[in-house]
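A look at the structure
Here is what each chain is made of, one letter per residue.
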Amino acid sequence: MTDFKDVISESLKKEIEDMTVEDIKSLIEVPPNKEMGDYAFPCFKLAKIFRKSPNLIAEEMAQKIETTDSITKVINLGGYVNFFVNKDELAKKVIRQVLSEKEHYGKSDTGKGKNVIVEFSSPNIAKPFHIGHIRTTVIGNALYKIYESQGYNTIRINHLGDYGTQFGKLIVAYKLWGDREVIEKNPIQELLKLYVRFHEEAEEKPEMEDEAREWFSKLENEDEEAKELWQWFRDESLKEFQRVYDLLDIEFDSLAGESFYSDKMPAVIEELKEKGLLQESKGAMIVDLEDENLPPALIQKKDGSTLYITRDITAGIYRKKTYDFYKCIYVVGSQQILHFDQYFAVIKKMGYPWYKDLIHVPFGMVALEEGTLSTRRGRVVFLEDVLNQAAEKTKEIILEKNPNAGDLDEISKDVGVGAVVFQELSNSRIKDYTFSWDRTLSFEGETGPYVQYTHARCCAVERKANEEITSDIDYTLLSDEDASDVLKVIETFNKSILLAMSKNEPHIVTRFVLDLAQAFNKFYHNSPILVDDPELRKARLALVEATRQTLENGLKLLGMKAPKQM
Ligand code: ARG
């Protein structure tokens with residue numbers, strides 16, 4: 001099967017000895033409009049090698065390169081060699097491939113035999129799973145799917161925040177004011193209340209802090225009562241988190257959170273000591289990171305208790321031993337950049353070369369339209385409520401648009417939740433953004449519902465046609481501009497996934513499905529599909545199916561559903 005860029009690169013290579021075919025290929029662009037050709041190669045970098053103006057180089061090359069079955073015309077346009085390709089071949093190549101590979105279209109086995117850990121979500125026990133958590137959860141899930149699609153053996157870890165001094169506080173508060181039944185009805189809200197009350201009252205009675213420390217140290221020493229309460233807080237919180245994961249259809253391979261490493265930390269602290277990295281500072285134990293231009297990492301407090309970073313260091317070493325990862329990716333907000341820099345630096349100082357394979361994938365903050373989120377001020381927006389509201393609002397929209405659209409509840413959930421997911425993956429992840437209902441749920445513009453609607457539209461056409469779709473068609477019937485535009489987008493699917501993977505940026509796939517939906521809708525508006533001419537109808541239906549399949553595959557990579565009706 002021909003890939004036009006390969007054919008073009010090969011023909012250019014004959015004229016440019018000093019560059020590899022790969023380098024040539026990476027420079028090939030798509031010109032801004034069709035009249036200029038299908039692909040363009042810029043000659044500016046060649047000016048030095050050939051000691052000629054780019055324009056002259058492009059002119060000479062355009063003359064020399066011969067036309068073939070695939071390349072129909074070559075011209076010089078202001079220092080670019082522009083190529084026109086045979087559109088029937090493009091159609092044949094793309095449609096045959098999509099229709100035969102089906103749900104595998106876009107996949108590869110690039111990552112075969114390599115283990116990649118994607119750590120994401122990682123909420124804190126007894127604290128709300130709020131809209132701020134959605135980013136790590138959704139970005140992480142998309143990254144997991146992207147790596148998996150390229151053949152990596154991918155492990156999803158939810159590094160639960162289920163350990164630390166706050167559990168001492170919670171135990172004290174529970175013993176003072178807690179009521180088991182009340183908590184079981186509404187665990188996170190009630191536990192949060194206890195936590196907040198602890199802080200309020202501890203301001204007056206600082207001895208409560210000592211009591212909390214004592215309870216945490218009891219927990220560390222496996223005291224029965226402390227453990228039982230901790231386990232219960234954890235179980236109740238997880239039940240609530242699970243509801244959110246169910247709504248998003250997200251699973252994990254491991255829930256080994258911070259507590260999992262409690263018994264593994266002493267050995268690591270010992271190792272740090274042996275390697276001469278641990279220093280005393282005001283009674284606490286630190287690793288000096290001055291030569292890495294970072295503040296010291298606090299490993300152990302004066303009272304012997306360990307810290308967040310101690311657990312991350314321990315988890316890193318454990319994961320390397322257990323999974324021998326090729327990459328270990330942490331999808332965690334940008335507020336923790338310093339933390340990860342310090343943690344990675346400690347691993348480097350310990351002499352582990354795999355510190356280079358630890359990757360922090362940071363992201364910006366979500367604000368609500370009315371203002372910023374804050375747990376302390378009690379203005380928490382629970383993610384579960386946001387997702388349920390999205391489904392509710394979507395239901396209203398669908399009832400208006402298409403009241404007979406099948407299982408309304410299911411479709412509303414798929415579309416509403418999908419809209420929130422899509423919105424999260426719409427911009428480069430580091431950008432802060434403001435969550436807006438109108439923008440998220442609109443069926444028009446660059447939204448999830450728009451892409452899902454395009455997919456449903458393809459399904460509707462196919463249902464109406466009610467005939468077998470095959471790639472045994474007359475491909476010259478798909479060589480017009482609108483059809484070629486759709487095919488050119490479909491052709492770049494795998495490349496987009498690879499780019500999204502190399503940058504850990506799912507929004508590149510989001511952009512891809514939007515581009516495809518837009519190109520298809522243009523084709524759809526200009527070219528009636530269910531025409532009388534059976535050959536033309538067959539050809540256009542094949543394009544509809546190739547689009548539908550690619551949209552479905554793309555949406556699934558993002559962690560979204562592709563409903564057949566909406
Ligand atoms: N539980 C933490 C939080 O909500 C995030 C954990 C990130 N992962 C890690 N390995 N440190 O802020």
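Residues numbered from 1 in each chain as written. Predicted model: local features only at pLDDT ≥ 70, side-chain atom pairs only at ≥ 80, totals over all residues. Heavy atoms only, no water.

**Some details on the environment of valine 172**
- Counting through the fold element by element, valine 172 comes out in helix α7 (residues 166-177).
- Note: C-alpha distance between valine 172 and leucine 557 (385 residues apart in sequence) is 45 Å. (Helix = DSSP H or I, 4+ residues; strand = E, 2+ residues; numbered from the N terminus.)

**A word on the site of the ligand**
- Close to the ligand lie Glu119, Ser122, Asn124, His133, His159, Tyr308, Asp312, Tyr330, Val332, Gln336 and Phe340.
- Between the ligand and serine 122 there is a distance of 2.9 Å, counted from a nitrogen atom to a backbone nitrogen or oxygen.
- Taking glutamine 336, its side chain carries an N or O atom lying 3.1 Å from an oxygen atom of the ligand.
- Protein contact buries 87% of the 350 Å² of open area that the ligand shows by itself.
- In terms of residue class, the shell around the ligand is built from 4 nonpolar, 5 polar and 2 charged. (Near = heavy atom within 4 Å. Polar contact = N/O pair within 3.5 Å; in protein donor to acceptor, adjacent residues only side chain to side chain. Areas by Shrake-Rupley, 256 points an atom, 1.4 Å probe, with all protein chains shown as cover. Nonpolar A, V, L, I, M, F, W, Y, C, P; charged D, E, K, R; others polar.)

**Quick look at helix α9 (residues 187-204)**
- When the terminal C-alpha atoms of α9 are compared, their 26 Å separation across 18 residues agrees well with the 26 Å that a helix rising 1.5 Å per residue should span.
- Buried within α9 are the following residues: Pro187, Ile188, Glu190, Leu191, Leu192, Leu194, Tyr195, Phe198 and Ala202.
- Of the surrounding elements, those touching the buried residues of α9 are α7, α8 (180-185), α10 (207-220) and α11 (224-248). (Expected span 1.5 Å × (residues − 1). Buried < 20%, exposed > 50% of the residue type's maximum accessible area, 1.4 Å probe, protein only. Contact = heavy atoms within 4.5 Å.)

**Some details on the nonpolar core**
- Residues Phe41, Phe83 and Phe233 are the most contacted members of the largest nonpolar core, which totals 140 residues.
- Tallying contributions element by element places α11 first for this core, with 11 residues.
- What phenylalanine 41 contacts, discounting residues up to four positions off in sequence, is Leu12, Ile16, Ile24, Leu27, Ile28, Leu46, Gly79, Tyr80, Val81 and Phe83. (Core = buried A, V, L, I, M, F, W, Y, C linked by side-chain atoms within 4.5 Å.)

**Structural notes on the side chain of glutamate 462**
- Note that glutamate 462 resides in helix α18 (residues 448-465).
- Using a relative accessible area of 18% as the deciding quantity, one classes glutamate 462 as buried.
- Setting aside its immediate chain neighbours within four residues, glutamate 462 contacts Ile469, Leu541, Val544, Glu545 and Arg548.

**Some words on the packing of aromatic side chains**
- Counted by the stated rule, this structure contains 27 aromatic pairs.
- Between the aromatic rings of phenylalanine 340 and tyrosine 343, the centroid separation amounts to 6.2 Å while the plane-to-plane angle is 50 degrees, which identifies the pairing as tilted. One end of the pair is phenylalanine 340 and the other is tyrosine 343, both in helix α14 (residues 337-349) and 3 residues apart, which spans about a single turn. Each of the two residues, phenylalanine 340 as well as tyrosine 343, counts as buried.
- Counting every residue linked through ring pairs, the aromatic cluster contains Phe120, Phe129, Phe241, Tyr245 and Phe252.
- One cation-aromatic arrangement involves lysine 73 over phenylalanine 84; the distance from NZ or CZ to the ring centre is 4.4 Å.
- Lying across the ring of phenylalanine 325, lysine 320 places its NZ or CZ 4.9 Å from the centre. (Phe/Tyr/Trp six-rings, centres within 6.5 Å; stacked < 30°, edge-to-face > 60°. Lys NZ or Arg CZ within 6 Å of the ring centre and 35° of its normal.)

**Concerning the packing of helix α13 (residues 308-323) against α14**
- Relative orientation of the contacting elements α13 and α14 amounts to 50 degrees, with a least axis distance of 10 Å. The angle between α13 and α14 falls in the class oblique. As for the relative orientation of α13 and α14, their crossing is right-handed in sense. Contacts between α13 and α14 pair Tyr308, Ile309, Asp312, Ile313, Gly316 and Ile317 from the former with His339, Phe340, Gln342, Tyr343, Val346 and Ile347 from the latter.
- Its residues placed into classes, the contact of α13 with α14 shows 8 nonpolar, 3 polar and 1 charged. (Axes fitted to C-alpha atoms, helices over the stretch in contact; angles between N-to-C directions. Parallel < 35°, antiparallel > 145°, perpendicular 65-115°, else oblique. Left-handed = near helix turned anticlockwise from the far one by under 90°.)

**Focus: α18**
- Along its 18 residues, α18 runs 26 Å from first to last C-alpha, staying within 8% of the 26 Å computed at 1.5 Å per residue.
- For α18, a buried count of 13 out of 18 residues is recorded, marking the element as mostly surrounded by other parts of the structure.
- The opening residue of α18, the one whose side-chain oxygen lies 3.2 Å from the backbone nitrogen of tyrosine 450, is threonine 447.
- Just beyond α18, the residue with positive phi is asparagine 466, at close to 50 degrees.

**Some words on the pairing of strand β1 (residues 39-42)**
- The two faces of β1 match: Tyr39 and Phe41 on one face and Ala40 and Pro42 on the other face are all buried.
- One ladder, built from 4 bridges, connects β1 with strand β3 (residues 80-85); its direction is antiparallel. Considered in β3, the bridge of alanine 40 is made with asparagine 82. (Pairing = 2+ DSSP bridges.)

**Concerning unusual backbone geometry**
- For serine 122, which is not glycine, the phi torsion reads 45 degrees and is therefore positive.
- Relative to the assigned elements, serine 122 resides in the loop between β4 (115-119) and α6 (134-149).

**Focus on the side chain of glutamate 505**
- Tracing the backbone through its elements, the reader meets glutamate 505 in the loop between α20 (493-503) and α21 (507-526).
- Classification of glutamate 505 by relative accessible area gives buried; the value is 11%.
- When sequence neighbours within four positions are dropped, the list of residues in contact with glutamate 505 reads Leu143, Ser428, Arg429 and Ala500.

**Focus: the environment of glutamine 150**
- As for its position among the elements, glutamine 150 is in the loop between α6 and β5 (153-157).
- Note: C-alpha distance between glutamine 150 and threonine 110 (40 residues apart in sequence) is 5.5 Å.
- With near-sequence residues (within four places) excluded, glutamine 150 lies in contact with Gly106, Lys107, Ser108, Asp109, Thr110, Gly111, Lys112, Asn494, Ile497, Leu498 and Met501.
- There is a polar contact of 2.9 Å between the side chain of glutamine 150 and the side chain of serine 149.

**Side note on the sheet that holds β1**
- Spatial ordering of the open sheet is given by β1-β3-β2, a layout of 3 strands whose pairing is antiparallel. Each having just a single partner strand, β1 and β2 (71-77) make up the two edges of the open sheet. If you compare each strand with its neighbour and ignore which way they point, the axes differ by 20 degrees on average.

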